[in-house]
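A closer look at the structure
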Amino acid sequence: MMNDTHSQLRQLSTQDFASFGLGDVAYVRPVEMDGTAAFAIHAADGTPLSVVADRELAFAAIVQNDMEPVSVH
């Protein structure tokens, strides 16, 4: 079973890999906007989605949109 999964993952194209988790995962990273600390929300492929004032709000927005939040440091 593990070998089958490993083989399938090795056959992913660059485009397949780039879109992996696209509709399921969003990431949050700290940013600075106009000299103020904020948190940017990005889709799995790096597309900017939003900027909010605090980390908890960013995670709540992601969960509210049926996605899994992850943090980028």
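The name given to the chain in an unreviewed UniProt entry is DUF1150 family protein, with the source organism recorded as Azospirillum lipoferum.

Before going further, it helps to spend a moment on the nonpolar core. Listed in full, the nine residues of the largest apolar core are Ala26, Val28, Phe39, Ile41, Val52, Ala58, Phe59, Ile62 and Met67. The dominant element in this core, judged by the number of residues it contributes, is helix α3 (residues 55–64), at three residues. In this view, Val52 contacts Ala38, Phe39, Ile41, Leu57 and Ala58; residues no more than four positions away in its chain are not counted.

Our next topic: unusual backbone geometry. In this model, Asp34 sits at a positive phi of 55°, which is unusual for a non-glycine residue. Even without glycine at this site, Asp66 takes up a positive phi of about 60°.

Let's shift gears to the sheet that holds strand β1 (residues 25–33). Spatial strand order, β3-β2-β1-β4: four strands in an open sheet with mixed pairing. The outermost strands of the open sheet, each flanked by one partner alone, are β3 (48–52) and β4 (68–71). The mean inter-strand angle of the sheet, taken between neighbouring strand axes irrespective of direction, is 35°. Looking at chain direction, β1 and β4 are connected through four bridges and run parallel. Paired with Val25 across the strands is Glu68, a residue of β4.

For α3, the full list of buried residues reads Ala58, Phe59 and Ile62. Buried residues of α3 fall within an arc of 95° about the axis and therefore sit on the same side. Turned more than 90 degrees off the buried face of α3, the exposed positions are Glu56 and Gln64. Residues of α3 that are buried in the fold lie against β1, β2 (36–43), β3 and β4. Two to three positions downstream of the cap, the backbone nitrogen of Glu56 sits 3.3 Å from a side-chain oxygen, assigning the N-cap of α3 to Asp54.

Our next topic: the side chain of His42. Mapped onto the elements of the fold, His42 is located in strand β2. Among the residues examined, His42 registers a relative accessible area of 9% and is labelled buried. Among the polar contacts made by the side chain of His42, one reaches the main-chain carbonyl oxygen of Gly46 at a distance of 3.2 Å. What His42 contacts, discounting residues up to four positions off in sequence, is Ala26, Tyr27, Arg29, Thr47, Pro48 and Leu49.

Basis of the calculations
- Residues numbered from 1 in each chain as written.
- Predicted model: local features only at pLDDT ≥ 70, side-chain atom pairs only at ≥ 80, totals over all residues.
- Heavy atoms only, no water.
- Core = buried A, V, L, I, M, F, W, Y, C linked by side-chain atoms within 4.5 Å.
- Buried < 20%, exposed > 50% of the residue type's maximum accessible area, 1.4 Å probe, protein only.
- Helix = DSSP H or I, 4+ residues; strand = E, 2+ residues; numbered from the N terminus.
- Contact = heavy atoms within 4.5 Å.
- Pairing = 2+ DSSP bridges.
- Axes fitted to C-alpha atoms, helices over the stretch in contact; angles between N-to-C directions.
- Arc of directions from axis to C-beta.
- Polar contact = N/O pair within 3.5 Å; in protein donor to acceptor, adjacent residues only side chain to side chain.

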